[in-house]
Amino acid sequence: MKLLALAAALTFVAGAAHAQTSAQKAESPANNDASKLGGYAPSAPLFSTGTTPPPGTQVVFVPSTQTPTEAFPPPAPKESYPVCKRGQFDGCRQRGGR
C-alpha cells in the first residue's frame, strides 16, 4: 500500500514539474528575439558582407597589430592587498610559509 501511495505522489510531482517546464518554454523568447538577450553573442556579423562567403573564396587572415599588453591591459594596482583568507587566491597576497 505504501508503494502505491509513493508511486501516486511521484506521478503528481512529475506532472507538476512537466507543467512548469512547458509554461517556461511558452514564455521564453523565440529565436528571432535572441539579439535582445545580450551575453556572449557577437554584436556584429562575423563577415563584413553579413553573409557566409561561397565555397572556394580565398580567405585573407590579417593579424592584429596590437601587442598583448595593448590588447589585454592589466588592471590598475590597488593601494593595498590584504592577506588571503583560507580558500581565497585572488585580490590578496599569499602568506609567507613553507
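Everything below is about the structure shown above.
Each value, and the rule that gives it
Residues numbered from 1 in each chain as written. Predicted model: local features only at pLDDT ≥ 70, side-chain atom pairs only at ≥ 80, totals over all residues. Heavy atoms only, no water. Helix = DSSP H or I, 4+ residues; strand = E, 2+ residues; numbered from the N terminus. Buried < 20%, exposed > 50% of the residue type's maximum accessible area, 1.4 Å probe, protein only. Disulfide = S-S within 2.5 Å.

### So, the overall build of the protein
Part 1: The number of helices and strands found in the protein is two helices and zero strands.
Part 2: Here the protein holds 98 residues, and the buried ones make up 2% of them.

### A short note on the state of the cysteines
Part 1: According to the stated counting rule, one finds one disulfide in the structure shown.
Part 2: Covalently, Cys 84 is tied to Cys 92 through a disulfide, its sulfur atoms 1.8 Å apart. The sign of the 90° torsion about the S-S bond sets the Cys 84-Cys 92 disulfide as right-handed. For the pair Cys 84 and Cys 92, one class covers both residues: buried.

### Quick word on the environment of Lys 78
Part 1: Here Lys 78 is to be found in the segment after helix 2 (68–71).
Part 2: Distance from Lys 78 to Cys 92, taken between C-alpha atoms, is 9.9 Å for residues 14 residues apart in sequence.

### Quick notes on the environment of Ser 80
Part 1: Inspection of the secondary structure assignment puts Ser 80 in the segment after helix 2.
Part 2: As for Ser 80 and Gly 91, which are separated by eleven residues in sequence, their C-alpha atoms are 9.6 Å apart.

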